[in-house]
Every structure is written in C-alpha cells, then in structure tokens.
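Secondary and tertiary structure notes
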Amino acid sequence: MIEQTIQLWRSPGQLIDETALKQKIETLHVRIRQISKSHGTVRFATSLAAEDMVLMDAIASTHSNIAIFTLDTGRLHAETLQMIEQAESHYGISIHRESPTPVEVAAFIEQYGLNGFYETEDAKKACCSVRKIVPLNRALAGADAWLTGQRREQAVTRGALDFVEADSARDMTKYNPLYDWSENEIWAYIRARAVPVHPLHTQGYASIGCEPCTRAIRADEDVRAGRWWWLQKESKECGLHVAPARQEESVSMLQNDYLDWLEAESIYIIREVVGQCANPAMLFSGGKDSIVMFHLARKAFRFGTRAIKLPFPLVHIDTGHNYAEVIRFRDEIVARTGSRLIVGHVEDSILKGTVKLRKPTDSRNAAQATTLLETIAEYRFDALMGGARRDEEKARAKERIFSFRDEFGQWDPKAQRPELWRLYNARVSPGENMRVFPISNWTELDIWQYIAREKLELPSIYYTHKREVVQKNGLLVPVTDITPKAPGDLSEMLDVRFRTVGDISCTCPVASTAITPEDIIRETALSQITERGATRMDDQTSEASMERRKKEGYF
C-alpha cells in the first residue's frame with residue numbers, strides 16, 4: 001500500500017531584490033499618504049489576512065489618519081479573533097468590529113437554517129449579505145473613501161483591478177493600494193518588516209474568511225480555492241467587491257420601462273373598478289403602498305390642467321394605535337389634495353361591543369376586520385381598492401387582483417373568479433363586495449424605485465431615525481406606551497427605519513441608516529427577508545396567520 005502525503009499551501013519564500021522591494025514599499029507608503037491627505041474620512045476594511053496586514057503596517061508606519069475596522073460576522077475562526085487583539089497590541093491601535101444585528105442573523109437562520117449556505121448559492125449570497133455586506137455598508141456610512149487589500153492576481157474577477165475606483169453604489173472612492181503586487185512581494189514585505197502573520201497562514205490557508213466557508217488548500221490549488229469550495233465556479237466573491245458599475249446598475253438604476261408597464265397596468269385596474277362598480281373606495285393609511293396607489297389614482301383621472309377630483313373616497317381603518325407620524329402625514333395629504341377621507345375607528349367597535357379585547361394594550365390589528373366590515377356596510381361600498389402585494393406574504397400570493405368577498409366579508413380561495421387576458425368581473429350581489437389590488441404585481445423594490453422616480457413624499461419613519469427598541473425573537477420591538485418594556489428587558493437606542501407601517505402593537509422597525517429612497521433601494525435589493533417577515537409580530541404566530549385573518553374579513 002502506497003501512502004500519499006498531501007502537500008498543503010505554504011507562503012512563498014522566493015527571494016526578491018532588496019532594491020526592488022524597497023522601491024515597492026516606498027511607492028505603497030506614498031499611496032497611503034496620498035489617500036489620507038485627499039479625503040476627510042477614510043476607512044480600511046481588514047480581514048487580518050496577509051495583504052491586509054501589509055496595509056495595516058503601512059498605515060501605522062506612515063501615521064496616516066485612516067480608521068481600521070473588521071467585519072466580525074459571528075462565524076470567524078478563533079484564530080482570527082485572537083489576531084485582532086494581536087494586531088491591536090502590536091501597532092498600538094484600536095480596530096473597530098462591525099457585526100450583523102441579531103435580528104438580521106435570526107431572520108436568515110429562520111429562512112435558510114444556520115448552515116443553509118451549503119445548500120444553494122442563493123442562501124450563500126443571503127448569508128454574505130446579512131453577515132458582511134450590510135455590516136460593511138454600516139461601517140462605511142459617513143466615509144469619503146475606503147481601502148481594500150485586493151490584488152489583480154488573486155482571482156479572474158480582479159484581473160482589471162485599478163489603484164482607484166469610483167464606488168458609485170456607496171458614493172465614495174475605493175482604493176486598492178496593492179492592486180499591482182504579487183503574492184511573493186506580499187510575503188517579502190511581511191518578512192522584511194516582521195509583520196504579524198495570521199496563524200491560519202501556517203496551516204495551509206492561503207485566503208481567510210468565515211470558518212465554515214474557508215478551508216486549507218493544496219500547494220497546487222488556486223489561492224482562492226479554499227473559499228466556498230463547494231461552489232464549482234471561477235468567481236469566488238462574497239459581494240463586498242462587486243464591480244461598482246455593475247452594482248450601481250443592478251441596485252440603483254431605475255427600471256423605467258418596467259415601471260412604466262407596472263404603472264399602466266395599475267391605472268387600467270383602477271379605471272376598471274370605477275367603470276364596473278357603483279360605489280368604490282380606496283383604502284389609504286398614509287403608508288408607502290397606499291401613497292403609491294393614491295398617486296396612481298390621481299394619474300388615472302388627471303385631465304389636462306384641471307384640478308384632480310377622485311371619483312371615490314379614501315377609507316382608513318384606524319386602530320387608535322397608529323404611529324403619530326403616519327396619521328399626521330395622512331391628514332396633510334388629504335388636506336393638500338382636497339380628498340374625501342372616511343375613517344372607521346376600532347375604538348367605536350370596542351364601545352359598541354362588536355370588538356372585545358382582554359386589555360387596552362392588546363393588538364388591535366385583527367380587530368380591524370370587524371371595523372372594516374362595519375364601515376363597508378355603513379357606506380355600502382361594493383369595492384375597496386388596497387395596496388396589498390403578492391410578494392408580501394404567502395396568502396397574498398394566492399390573491400386574485402379582483403378578490404371576491406361574500407356577504408360576510410369573507411375570502412374563500414376556492415370561490416374566486418378567473419382573470420384571463422386581464423378581463424375582470426366585478427359583479428356582486430347586495431351585501432357582497434370586491435377587494436381590488438392594483439399594485440398586486442409590484443414588489444417592494446418596484447415600490448421604492450417608483451417612489452424615487454416620482455419623488456413621492458413619505459412619513460419620516462420610513463427613513464433612518466433613532467428609536468428605543470428591545471430585541472425579541474429576531475425582531476426590534478419599539479418601546480412605546482402600547483409596547484412597554486417587560487421586566488428584565490434590555491432596551492437600546494438604534495438607527496432604524498420602518499419597512500412597513502401598521503398597528504404599533506405588531507409592527508417593528510429594522511436596523512438601517514438609509515436616509516433617501518436610493519439608500520433603501522440598495523438595502524432592498526440585498527435583502528433576503530420579506531418586509532412582513534422582517535417586521536410583523538402578528539405574522540410570526542404561524543404561517544397561516546394572514547390567510548386565517550383574510551377568511552375572517554381582513555383586507
């Protein structure tokens with residue numbers, strides 16, 4: 001029996017001309033000084049691997065004002081965590097650790113499982129997004145430029161790398177000071193200047209990342225073969241270094257042709273409702289989806305320069321537990337446009353005894369169904385348009401655009417009408433009604449791209465702001481009079497925004513520093529969790545929560 005010994009990768013030890021190495025080091029130090037002087041705030045993202053340790057040494061040696069941070073993904077090798085402390089001690093610096101929020105991680109695990117990234121590439125991308133890309137964006141917020149340790153010869157995707165790039169996706173400059181260095185030159189620098197070496201480099205690891213996604217490699221393998229080794233492809237990237245032009249194109253560019261198509265379809269549906277129904281109305285809460293619908297309705301009935309008068313009223317079912325910013329914005333829009341607003345109050349249903357709660361702070365979200373049915377009966381509406389979308393939740397995906405409801409306001413998925421060739425049947429008998437969803441085919445990303453294109457105003461809570469929250473069950477529960485802290489709860493002030501807005505008792509924000517629609521477009525394009533899945537406590541009680549409420553009359 002012949003035993004074969006596997007030769008693991010080792011750091012190259014070829015000798016380099018001292019004069020050439022000295023010139024290379026001087027050029028690198030000039031680059032670092034140049035970067036530091038050219039920008040007010042510069043940050044360096046380090047993985048503690050060989051290239052990044054060379055840059056760290058150069059920053060320390062030149063006394064450059066460049067802040068250093070690392071992405072502590074929660075899945076790093078123990079050796080990497082030790083290396084952070086060793087580097088801090090060696091250079092007398094502080095390395096900031098940027099981590100994913102427990103909420104983001106919990107949402108990923110809920111959808112894919114702890115190690116789901118082994119199963120599909122989509123899950124791998126989702127994990128990298130949650131643990132690396134989103135934290136990176138937070139760490140770079142407010143910076144003018146950032147540095148990486150990328151080199152051209154590391155991978156086929158980096159063959160055209162330049163010293164300076166325009167990171168248009170983050171609106172900053174990106175520098176690759178080692179872009180033209182060879183692996184041999186990296187290790188010659190390390191030996192010449194006694195730079196600390198990551199312990200894994202002595203164990204066959206040529207590239208270093210998260211512990212489950214990185215392995216040692218053989219001497220004859222590509223240097224990045226140990227990264228995501230189960231993926232059989234040349235490109236081994238996590239998304240941190242997507243070419244800025246492609247990132248901008250895929251994330252921020254407004255798909256105007258497609259948005260025009262969605263807009264035209266929605267306007268057609270709204271006009272169909274008015275044409276077929278005797279007494280329609282449009283639900284309007286002041287949330288982003290209802291604002292888009294309201295804008296589409298005004299476009300549908302615009303005629304030249306004449307004042308726009310909608311041929312139906314707006315309806316809001318007010319739980320009494322709404323965020324004040326949203327109600328205030330709702331009233332401002334109604335006053336500014338001269339629209340007619342009908343408000344059904346859950347509080348009135350409580351006083352009448354048709355809604356019973358155990359205690360005042362109970363969620364009133366499900367109680368909206370009763371108040372909605374009472375409002376429909378009082379005003380004899382035969383159709384209500386709403387902003388539900390199929391991408392929000394599984395039960396929503398089953399919904400027809402014209403959704404029939406019986407005399408009890410109930411939805412029966414088996415009693416819906418065919419919608420062939422966009423031909424809709426809105427005929428109903430007395431007491432029955434239609435729920436119509438003009439933006440059913442839109443996604444959350446479509447909504448935000450349309451908001452950006454049309455420059456629509458939204459309540460302030462859709463953008464980043466400071467809010468006191470408690471982390472529970474993978475959600476950021478806001479601390480309010482309706483949702484106070486329980487004994488033993490620990491709260492914190494975080495930068496958050498709301499992806500969807502509803503009753504305070506069941507609607508949570510998400511961690512975010514987004515201040516513009518374009519910022520949110522980028523976040524949404526990278527998100528792997530639906531907005532309701534990431535923010536709604538009522539939908540987490542069971543997978544059938546929404547479908548059950550719809551059958552009871554909920555919108």
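Residues numbered from 1 in each chain as written. Predicted model: local features only at pLDDT ≥ 70, side-chain atom pairs only at ≥ 80, totals over all residues. Heavy atoms only, no water.

Helix and strand counts for the protein come out as 17 helices and 16 strands. Here the protein holds 555 residues, and 54% of them are scored as buried. If you take every contact in the protein between residues at least 6 apart in sequence, the share linking residues at least 24 apart comes to 73%. Only carbon and sulfur atoms are counted for the fraction: they give 51% of the accessible area of the protein, which is about 25700 Å². (Helix = DSSP H or I, 4+ residues; strand = E, 2+ residues; numbered from the N terminus. Buried < 20%, exposed > 50% of the residue type's maximum accessible area, 1.4 Å probe, protein only. Contact = heavy atoms within 4.5 Å. Areas by Shrake-Rupley, 256 points an atom, 1.4 Å probe, with all protein chains shown as cover.)

Under the definition given, this model contains 16 aromatic pairs. When the centroid spacing of 5.2 Å and the interplanar angle of 35° are considered together, the rings of F108 and Y112 count as tilted. Taken together, the residues span about one helical turn, with F108 and Y112 both in helix α4 (residues 102-112) at a distance of 4 residues. Ring plane angle 75° and centroid distance 6.2 Å describe the contact between F301 and F312, whose orientation is recorded as edge-to-face. With a gap of 11 residues between them, F301 in the loop between α9 (288-300) and β8 (314-318) and F312 in the loop between α9 and β8 connect regions that are remote in the sequence. Of the residues examined, F312 reaches a relative accessible area of 6% and is grouped as buried. (Phe/Tyr/Trp six-rings, centres within 6.5 Å; stacked < 30°, edge-to-face > 60°.)

The next point concerns the sheet that holds strand β14 (residues 475-478). On the basis of which strands lie adjacent, the open sheet formed by 4 strands has the order β14-β13-β15-β16 and antiparallel pairing. Only two strands of the sheet have a single partner each, and these edge strands are β14 and β16 (510-511). Here strand β15 (residues 491-497) runs beside β16; their pairing, made up of 2 bridges, is antiparallel. Looking at the pairing, V496 lines up with A511 of β16. (Pairing = 2+ DSSP bridges.)

Right, let's get into the packing of α9 against helix α14 (residues 444-454). The interhelical angle for the contact between α9 and α14, taken along N-to-C directions, is 55°, at an axis separation of 11 Å. As the angle between them shows, α9 and α14 are arranged oblique. Between α9 and α14 lies a crossing of left-handed hand. The segment α9 lies against α14, with K288, D289, V292, H295, L296 and K299 engaging E444, I447, W448, Y450, I451 and E454. When the residues that make up the contact of α9 with α14 are grouped by side-chain class, the tally is 6 nonpolar, 1 polar and 5 charged. (Axes fitted to C-alpha atoms, helices over the stretch in contact; angles between N-to-C directions. Parallel < 35°, antiparallel > 145°, perpendicular 65-115°, else oblique. Left-handed = near helix turned anticlockwise from the far one by under 90°. Nonpolar A, V, L, I, M, F, W, Y, C, P; charged D, E, K, R; others polar.)

In this section: the environment of I267. Relative to the assigned elements, I267 resides in helix α8 (residues 256-276). A residue is classified by how much of its surface remains accessible, and I267, at 11% relative accessible area, is buried. Taking the C-alpha atoms as reference points, I267 and A300, separated by 33 residues in sequence, lie 5.4 Å from one another. If we skip the residues at most four places from it in the chain, I267 touches L296, K299 and A300.

Within the secondary structure, H321 sits in the loop between β8 and α10 (324-337). Among all residues touching H321, those that are not within four sequence positions of it are P360, D362, R364, I482, G502, D503 and I504.

The next thing to look at is the environment of E457. Summarising the element assignment, E457 is placed in the loop between α14 and β13 (465-472). Relative accessible area serves as the criterion here: at 45%, E457 is assigned to the partly exposed category. Every residue in contact with E457, bar those within four places of it in the chain, is listed here: I291, F329 and R336. In terms of polar contacts, E457 uses its side chain to reach the side chain of R336, at 3.1 Å. (Polar contact = N/O pair within 3.5 Å; in protein donor to acceptor, adjacent residues only side chain to side chain.)

What follows covers unusual backbone geometry. Despite not being glycine, H63 shows a phi value in the positive range, around 50°. Among the structural elements, H63 can be located in the loop between α2 (50-61) and β2 (66-71). For H63, a relative accessible area of 72% gives the class exposed. Positive phi is not limited to glycine here, since R380 has a value of about 55°.

We now examine the pairing of β15. Inspection of the sheet shows β13 paired to β15 by 6 bridges, in the antiparallel sense. Residue pairing for β15: R467 is matched across the bridge by L494.

For the rest of this paragraph, the subject is the pairing of strand β6 (residues 172-175). Where strand β4 (residues 145-147) lies against β6, 3 bridges are found, and the strand directions are parallel. In the strand pairing of β6, L147 is matched with Y175. When strand β5 (residues 164-167) meets β6, the two strands line up antiparallel, connected through 4 bridges. For D167, the partnering residue across the bridge sits in β6 and is M172.

Residues L420, W421 and L423 make up a contiguous nonpolar surface patch of roughly 420 Å² in combined accessible area. Residue placement: L420 occurs in the loop between β11 (402-405) and β12 (433-436). (Patch = residues over 30% accessible without salt bridge, like charges linked within 9 Å, V, L, I, M, F, W, Y side chains within 5 Å. Salt bridge = Lys/Arg side-chain N within 4 Å of Asp/Glu carboxyl O.)

Attention now moves to α14. Side chains three or four residues apart in an α-helix point the same way, a direct result of the helix having 3.6 residues per turn. Counting buried residues along α14, 10 of its 11 residues qualify, which places the element largely inside the surrounding structure. Backbone geometry just after α14 places K455 at a positive phi near 55°.

This paragraph deals with the sheet that holds strand β7 (residues 280-283). Spatially, β9-β8-β7-β10-β12-β11 is the arrangement adopted by the 6 strands of the open sheet, whose pairing is mixed. Because the sheet does not close on itself, it has two edges, and the strands there are β9 (341-345) and β11. Going across the sheet, the axis of each strand differs from the next one's by a mean of 30°, ignoring polarity. Two strands pair when backbone bridges link them, and β8 and β9 are joined in this way by 5 bridges, in the parallel orientation. Each bridged residue has a counterpart across the sheet, and for V315 the counterpart in β9 is I342.

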